Amino acid sequence: MTEVVDPNARIADLVGLLYVMNNIFDGKTDLYRLEKEMEVDIDDLMPIVYTASNLGFVSAESGDIIITEKGREYVKSGIKRRKEIIRESLKNIEPFRTAVRLGHFDLDQLLESLNQEGVQTFNSPSGNHDLEVILIEWGVYSGLLRKDDEGFSVN
Amino acid sequence: MDEDLIKDNAMQRARAAQYVLSAVGIDFSYENGYKVFEDVNIDVGQNEFVAIVGPSGIGKSTLLRILGGFLKPDKGAVYLFGKQIKRPTPDIILIHQSIVTFPWLTALENVMLSLKVRNVSDEEAEKAARNALETVGLQGFEDLYPKEMSGGMRQRVAIARALAASPLVFLMDEPFAHLDELTAEGLRQDIYNILFSPDTPLKGVVLVSHNLTEVVELADEIYVLNNVPATVVGKVHVDLPRPRNPRSEEFNQILDALYNYLTPPKVRKI
Amino acid sequence: MNEILLITLAALATAGRVLGLILISIVTGWFLAYAAIKGKIFENIYISIIEVFESVPVISFFPIVLIIFVTRIGGPLGVEMAADFLVFTAVVWNIWMGEYQAFKTVPREMLEVAENYQMSFFTKMRRIFIPFSYPRIAANLFPSVSDGFFYITVSEVFSVGVHTYQTFGIGTVLDSLAASDKTGLIYMALLILAFVIIIIILGLREFSRYAVSRYTVDTDAPIIRRGRLNVKQTTRLLSVVARNPLSRLAGYYRSRVMSRPPEVFEKREMRREKISRYSSIAIGFTILGLIIYSSTDLIISVSHNEWNHLFSITPKILLYLLYDYARVGVILALSFVIAIFLGYYLAMHSRAEGIGVPIIQTLSAYPPPIYFPFIFGASFTAIHSVLGPFTDEFYVLALGFVSTFYYIFYSFWMGVKALPSEYFEVMKNLNMGYFRRMRSIILPGTFPYLISGISSTINSAWGGLMIGEYWPDIIPGRNLSVHYGLMKFIDIETNVGNIAMAAWGSFLFGIVVAIYSIIFTRRMMDLARKRYVAEEGVFAA
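Residues numbered from 1 in each chain as written. Chains lettered and ligands numbered in written order. Predicted model: local features only at pLDDT ≥ 70, side-chain atom pairs only at ≥ 80, totals over all residues. Heavy atoms only, no water.

Examining the overall build of chain B
Turning to step 1, where the next piece is worked out: Looking only at helices and strands, chain B features 8 helices and 11 strands.
Turning to step 2, where the next piece is worked out: Projected onto the principal axes, the alpha-carbon positions of chain B cover approximately 70 × 50 × 35 Å.
Turning to step 3, where the next piece is worked out: Among the 270 residues that make up chain B, the fraction classed as buried is 58%.
Turning to step 4, where the next piece is worked out: Here the analysis covers contacts within chain B between residues at least 6 apart in sequence; of these, 66% occur between residues at least 24 apart.
Turning to step 5, where the next piece is worked out: Roughly 12,000 Å² of accessible area belongs to chain B as shown, and the carbon and sulfur atoms make up 48% of that amount.
Turning to step 6, where the next piece is worked out: Separation of charge centres in chain B, based on 28 positive and 36 negative side chains, amounts to 4 Å. (Helix = DSSP H or I, 4+ residues; strand = E, 2+ residues; numbered from the N terminus. Buried < 20%, exposed > 50% of the residue type's maximum accessible area, 1.4 Å probe, protein only. Contact = heavy atoms within 4.5 Å. Areas by Shrake-Rupley, 256 points an atom, 1.4 Å probe, with all protein chains shown as cover. Lys, Arg positive; Asp, Glu negative; His and termini not counted. Charge placed at Lys NZ, Arg CZ, Asp CG, Glu CD.)

Encoded structure:
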């Protein structure tokens, strides 16, 4: 399966996950413990776990979750450095890999290209809106993309 | 009698002037006559983070609105650096429980709402609004509408709008109550980094919350409200270094102290 | 004494006519709405028809009504039916639309329960659909009652050529009292009518309070998914804002994903589904057919020469229409400004609101054509000495204003009431001045409501013009009349018995107005839906 940013993953969730992993669990725990400690259900937990893992902030395998060096660096950094880290990490996963390749695009063009790449994540009924929010949440926030009236461009 | 009262008030003011925000002897009843508060006193010192906790229905949000001048107390007064607060002011900004943005305004325009009331030129207002957005990490979002953003990003817009008013005090009404713990944790970290950053004009923060762990994690001073009508039944000073680990022994001792105040010993009737 | 009894009976007859027709609208609306949600084809036809007719002022039906009922059916029955039909077209559309929206938005869970228990058609109607539609009906009753009463004077007494047709009611009684100059009794009649209307309004308020408290479904709680975006659909929204264009649009665009009947369904079930689908298609085509039939019938019955004449006069008609649009513009601007100041004031001051809003509600139901002549009589000399040749124009605009001001006022007021309370706290917190509040927050935040208010206001401004532009003997010995205006043209042609000309005028009028208002309203509503939903600005996270 292609690595993607989950439509439900948010920056705040990433900060929360990494913070909890680093400060409360000393960097390594079982996912079920994390779930219990944070009083969240899998709908809340898994999108950010998958996404953080795809971005290389944690490694999640066989029910364990371990924070990586990059994850630790993220927690300790200021806002500028955090954005840099995310920006670099995004380039390797969808929908941003395709976005970077296109350079300048609107939502429909990106959706079409993603389909050609075999990325089905954003084909749901709310896919269009999901994609827009994800591009803004991760791409615009980290400074990888900018948005104007015509669509998105890579900075 | 009158002279005494004037002297009292003058003394109150002199005492209140030492604090950023000071509520003295607050009584308040709802319109239907139900008495909510009796003689509530709260002080916020320089650069202090104050939390107010209490069982649900005790009137925490109401108290916050009295502190902000949205509601008039029946008795007592609220002072900001010794000056009595009689109506809402941009010096004291209320942050709502739900995230409030205006969907017909872009992020930049949302933030500029706070600036135009200060009679600055449009250019300056725009510059200040861009700065505020940058403080909360939203450069690049200037021309986006709230609808295109996630809840977390909207929260940042709301915070930027609040900061742009250059307030001295933030009043926060359970800002994370609706969020799942993971998201809340993330926003908390972000927002408190912003609040404690040297760029802000803030001199004090008041948070009401029913999440005791959250409160112990953040506050310097915790007021516990209880009884009907509510009064301050206890005050706990938290002197732990940040970031605070909710699993540590000291942390749990403070939690225990808070619960002690919330459940006073039973007085046996004879 | 006898005369007072007569007046009371007449007022009751009129009220009965209005309320009875509303009841008919409600009952027929249930069945039509059910057919609409069951059959796509019928739904499309039905909704388009309502949309067009809703945007065409009632008054443009008038000449057509005369042709069909008075000349074809004839007799007292024809006259009664003509009067009824006019009132019917005034009250029916928003009720039908409201019921359709209600049926369309019945929560899927409820429908699934109904399917699960294999409820019959009547059980489904009685237990689910009809109760669910009460709050929307309640919300639509106020405008319907006002619209209904508005037209009683024109519908109960009208003249074509030398004939005057009338049917018993307060309009007729007032007409004859005015003719015989019995001033005391006229005041008595106005008072009695006011009394009847106040009772109706109080009853409606009670009903709508009951309907909202008992029959609104709180869909708020279950749909909030933490951390995800959800447009809140609260009870408050659904009930107070039943005429909100957004819910109306939501009705159109929300294609509900109905669970397909699974394979295990018995054959009988399948057949029933099919039958109801075919029957709804059939109803749709029947209605469409009737419309086509009657229009071709009409076209054929008009001679070639007459068609030529009608075409040659068309440019003049369009010019008259332009004059009338200018009048509507003035009325709208005036209503808008007053509505905004008054509406905001009332929404902010709860004590003034408690008194002001019921008064405005009652006034809106009290038909201006009934009391306007008396205002005219009392003020004419004074106004004339100031305005001179523009006096008549002034009165026509004034009549238009009093006939239509309420709609925009009411929509705006509801819009302000529906703004999230957090917005008001932010405005106070930032010390915003009055005009800043208006410009940045209140006006944009109430934009969807304003649009619906504006379109209703434009709509009923035409009614006021129709009556005001040509009003012979408004007070004994004095006519109210403008120089140019399409409404006057139609009035006069009707009066002299030239029905074909009147019908042609109102037909052109209907087309222009329908196209204009559908395009205008649609565009504005799209814009409103895209950006100006205040409820979306508060994110419960």
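After that view of the structure, there is still more to cover.
A closer look at the side chain of Ser-364 of chain C
Residues and elements named next belong to chain C.
Turning to step 1, where the next piece is worked out: Inspection of the secondary structure assignment puts Ser-364 in helix α15 (residues 350-365).
Turning to step 2, where the next piece is worked out: Classification of Ser-364 by relative accessible area gives buried; the value is 17%.
Turning to step 3, where the next piece is worked out: Discounting residues that sit within four places of it in the chain, Ser-364 has contacts with Ser-146 and Tyr-406.

So, the interface of chain C and chain B
Turning to step 1, where the next piece is worked out: Residue-level contacts link 28 residues of chain C with 30 residues of chain B.
Turning to step 2, where the next piece is worked out: Across the chain C/chain B interface, buried area totals approximately 2,800 Å², and carbon plus sulfur atoms make up 61% of it.
Turning to step 3, where the next piece is worked out: At the junction of chain C with chain B, the criterion picks out 1 salt bridge.
Turning to step 4, where the next piece is worked out: With its nearest N and O atoms 2.5 Å apart, the salt bridge here joins Glu-425 of chain C to Arg-65 of chain B.
Turning to step 5, where the next piece is worked out: Along the contact surface separating chain C from chain B lie 8 residue pairs in polar contact (both at pLDDT 80 or more).
Turning to step 6, where the next piece is worked out: Elements with a contribution of two residues or more to the side of chain C that touches chain B: α18 (421-429), α19 (434-445), α22 (499-531) and β5 (538-539) of chain C.
Turning to step 7, where the next piece is worked out: Per-element tally for the side of chain C that touches chain B: the top contributor is α18 of chain C, with 6 residues.
Turning to step 8, where the next piece is worked out: In terms of residue class, the side of chain C that touches chain B is built from 14 nonpolar, 5 polar and 9 charged. (Buried area = accessible area lost by both parts, 1.4 Å probe. Salt bridge = Lys/Arg side-chain N within 4 Å of Asp/Glu carboxyl O. Polar contact = N/O pair within 3.5 Å; in protein donor to acceptor, adjacent residues only side chain to side chain. Nonpolar A, V, L, I, M, F, W, Y, C, P; charged D, E, K, R; others polar.)

Examining helix α4 (residues 75-104) of chain C
All names here are of chain C.
Turning to step 1, where the next piece is worked out: In a regular helix each residue adds 1.5 Å, so 30 residues correspond to 44 Å; α4 covers 42 Å between its end C-alpha atoms and thus fits that length.
Turning to step 2, where the next piece is worked out: Where α4 bends most, the angle comes to about 40°, and this point is Val-92.
Turning to step 3, where the next piece is worked out: Counting buried positions over the 30 residues of α4 gives 23, a clear majority of the element. (Expected span 1.5 Å × (residues − 1). Bend = angle between axes of the 7 residues up to and from the residue.)

Let's talk about the pattern of salt bridges
Turning to step 1, where the next piece is worked out: Applying the stated criterion to the full structure yields 23 salt bridges over all chains.
Turning to step 2, where the next piece is worked out: For the salt bridge of Glu-393 of chain C with Arg-327 of chain C, the shortest nitrogen-to-oxygen distance reads 2.4 Å. Taken together, the residues span a long stretch of sequence, with Glu-393 of chain C in helix α17 (residues 391-418) and Arg-327 of chain C in helix α14 (residues 304-348) at a distance of 66 residues.
Turning to step 3, where the next piece is worked out: Accessibility expressed as a relative area gives 6% for Arg-327 of chain C, which makes it buried.
Turning to step 4, where the next piece is worked out: When salt bridges that share partners are traced, they join Asp-27, Lys-35, Glu-38 and Lys-75 of chain B into one network.

Some details on the sheet that holds strand β3 (residues 64-67) of chain A
The strands making up a sheet are joined through hydrogen bonds of the backbone, oriented either antiparallel or parallel.
Residues and elements named next belong to chain A.
Turning to step 1, where the next piece is worked out: Taking strand neighbours across the sheet as the criterion, the 3 strands line up as β1-β3-β2 in an open arrangement whose pairing is antiparallel. At either end of the open sheet lies a strand with only one pairing partner, and these are β1 (28-30) and β2 (58-61). On average, adjacent strands in this sheet sit at an angle of 15° to one another, irrespective of strand direction.
Turning to step 2, where the next piece is worked out: The sheet contact formed by β2 and β3 spans 4 bridges and is antiparallel. Within the sheet, the bridge partner assigned to Val-58 lies in β3 and is Ile-67.
Turning to step 3, where the next piece is worked out: Against the sheet, helix α1 (residues 11-23) engages β1, β2 and β3, with an angle of about 90° to β3. (Pairing = 2+ DSSP bridges. Axes fitted to C-alpha atoms, helices over the stretch in contact; angles between N-to-C directions.)

A short note on the nonpolar core
Turning to step 1, where the next piece is worked out: In terms of nonpolar packing, the biggest core is built from 252 residues, with Leu-34 and Trp-138 of chain A, Phe-170 and Ile-222 of chain B together with Ile-170 of chain C touching the most fellow members.
Turning to step 2, where the next piece is worked out: Broken down by element, the residue count for this core peaks at 15 residues, all from helix α1 (residues 2-38) of chain C.
Turning to step 3, where the next piece is worked out: Of the domains in this structure, domain 1 (1-219) and domain 2 (304-541) of chain C are the two that each give at least three residues to this core.
Turning to step 4, where the next piece is worked out: Residues in contact with Ile-222 of chain B, not counting those within four places in the same chain, are Ala-51, Val-53, Val-215, Val-216, Gly-234, Lys-235, Val-236, Val-238 and Leu-258 of chain B.
Turning to step 5, where the next piece is worked out: Membership of the second largest hydrophobic core comes to 30 residues, among which are Val-36, Phe-37, Leu-63 and Val-169 of chain B. (Core = buried A, V, L, I, M, F, W, Y, C linked by side-chain atoms within 4.5 Å. Domains from an automatic or database assignment.)

Some remarks on unusual backbone geometry
Turning to step 1, where the next piece is worked out: Between Glu-94 of chain A and Pro-95 of chain A the backbone carries a cis peptide bond, its omega angle lying at 0°.
Turning to step 2, where the next piece is worked out: Along the polypeptide, Pro-95 of chain A turns up in the loop between α5 (79-90) and α6 (96-102).
Turning to step 3, where the next piece is worked out: Residue Pro-229 of chain B follows Val-228 of chain B across a cis peptide bond; omega there is -10°.
Turning to step 4, where the next piece is worked out: Along the chain, Pro-229 of chain B falls in the loop between β10 (221-226) and β11 (231-237).

Brief notes about the confidence of the model for chain B
Turning to step 1, where the next piece is worked out: Per-residue confidence for chain B gives a mean pLDDT of 85, with 94% of residues at or over 70.
Turning to step 2, where the next piece is worked out: Scored by ipTM, the complex comes to 0.85, with pTM at 0.79. (pLDDT = per-residue confidence, 0-100.)

Notes on a nonpolar patch on the surface
Residue and element names in this part refer to chain C.
Turning to step 1, where the next piece is worked out: Taken together, Leu-334, Val-337, Ile-338, Phe-341, Leu-342, Tyr-434 and Phe-435 make up a surface patch of nonpolar side chains, about 620 Å² in accessible area.
Turning to step 2, where the next piece is worked out: For the nonpolar patch, the elements supplying multiple residues, two or more each, are α14 and α19.
Turning to step 3, where the next piece is worked out: When residues in the nonpolar patch are grouped by element, the largest group, 5 residues, is from α14.
Turning to step 4, where the next piece is worked out: Structurally, the position occupied by Val-337 is in helix α14.
Turning to step 5, where the next piece is worked out: With a relative accessible area of 44%, Val-337 lands in the partly exposed category. (Patch = residues over 30% accessible without salt bridge, like charges linked within 9 Å, V, L, I, M, F, W, Y side chains within 5 Å.)

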